[in-house]
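Descriptive structure summary
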Amino acid sequence: MPKVILHKGGTTYEDEVDPNTNLVVRAGIRKFPYPNLAYKCGMGKCATCSCRILGGAEHLEAPNWKEKRQLGDKLEDGYRLVCQLWITEDIELAQDA
Ligand code: FES
């Protein structure tokens, strides 16, 4: 089971999730990382869910066109749209408070 570590507002949250999990979908059904992950559209349109990937980025699919459009140069700094990610391996991420 992939382990997810989320840093948010100075606090670290950690739990295991099922393989091939989308964290925004989970938050929507009130499972970890609810209520600590900020998100809105769930469709790659608002960038509210953007997080900086601190570890495990190598296991993620390459950024899709929505991430490229919303994040631009921030992709180079390790930011991703969490609503566009399917978690298959351990990951550590930080969301600006
Ligand atoms: S929740 Fe809107 S882009 Fe991810």
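Summary of the structure given here. Only a predicted model underlies this, so the values are computations on that prediction, with no experimental measurement involved. (Residues numbered from 1 in each chain as written. Predicted model: local features only at pLDDT ≥ 70, side-chain atom pairs only at ≥ 80, totals over all residues.)

**With respect to the overall build of the protein chain**
Short version of the rule: Elements are defined by DSSP. Helices are runs of H or I of four residues or more, strands are runs of E of two residues or more, and each kind is numbered from the N terminus. In this treatment the radius of gyration is a C-alpha quantity, and the globule benchmark scales as 2.2 Å times the residue count to the 0.38 power. Partly exposed residues are those whose C-beta has more than 12 but fewer than 20 other C-beta atoms within 10 Å; with 20 or more the residue is buried, with 12 or fewer it is exposed, and the C-beta atoms are placed from the backbone.
What the protein chain contains, in helices and strands, is two helices and five strands. N-terminal to C-terminal, the α/β element order of the protein chain is β-β-α-β-α-β-β. Its C-alpha atoms give the protein chain a radius of gyration of 12 Å, within 12% of the compact-globule value 13 Å for 97 residues. Taking the principal axes of its C-alpha atoms as reference, the protein chain extends roughly 30 × 25 × 25 Å. Each of the 97 residues in the protein chain was classed as buried or not, and the buried ones make up 25%.

**A short note on the sheet that holds strand β4 (residues 79-81)**
Using the following cut-off: Here the rule is simple: two strands pair whenever DSSP picks up at least two bridges between them. Note on method: axes are straight lines fitted to C-alpha atoms, helices fitted across the in-contact stretch only, with angles between N-to-C directions ranging 0 to 180 degrees.
Taking strand neighbours across the sheet as the criterion, the five strands line up as β2-β1-β5-β3-β4 in an open arrangement whose pairing is mixed. One side of each edge strand has no neighbouring strand; the edge strands of this open sheet are β2 (11-16) and β4. Between one strand axis and the next, the sheet turns by 30° as a mean value, whatever way the strands run. Sheet topology places strand β1 (residues 3-8) next to β2; six bridges connect them, and they run antiparallel. Following the sheet pairing, H7 is matched in β2 by T12.

**A word on the nonpolar core**
The criterion, for reference: Joined through C-beta atoms within 7 Å, a set of buried Ala, Val, Leu, Ile, Met, Phe, Trp, Tyr and Cys residues constitutes a nonpolar core.
L23, V24, L37, Y39, C49, V82 and C83 are the most contacted members of the largest nonpolar core, which totals 17 residues. Those elements that provide at least two residues to this core are β1, α1 (23-28), β4 and β5 (91-95). With three residues, α1 is the single largest residue contributor to this core.

**Digging into the pairing of strand β3 (residues 50-55)**
Alignment of β3 against β4, held across three bridges, turns out to be antiparallel. Its bridge partner lying in β4, R52 is registered against Y79. Pairing of β3 with β5 involves three bridges; the strand directions are antiparallel. Bridged to I53 within β5 is L93.

**Here's the deal with the pairing of β1**
Counting the residues in the hairpin turn of β1 and β2 gives two residues, including G9, whose phi is positive at 55°. Relative to β5, β1 runs parallel, the two being bridged by five bridges. Within the sheet, the bridge partner assigned to K8 lies in β5 and is Q95.

**Some remarks on the environment of A47**
Note the cut-off: Think of it this way: build a C-beta for each residue from its backbone, and any pair within 7 Å is a contact.
Position of A47 among the secondary structure elements: in the loop between α1 and β3. Since 18 C-beta atoms lie within 10 Å of it, A47 is described here as partly exposed. Considered as a pair, A47 and R80 are 33 residues apart in the sequence and their alpha carbons are 8.8 Å apart. Every residue in contact with A47, bar those within four places of it in the chain, is listed here: Q70, L71 and L81.

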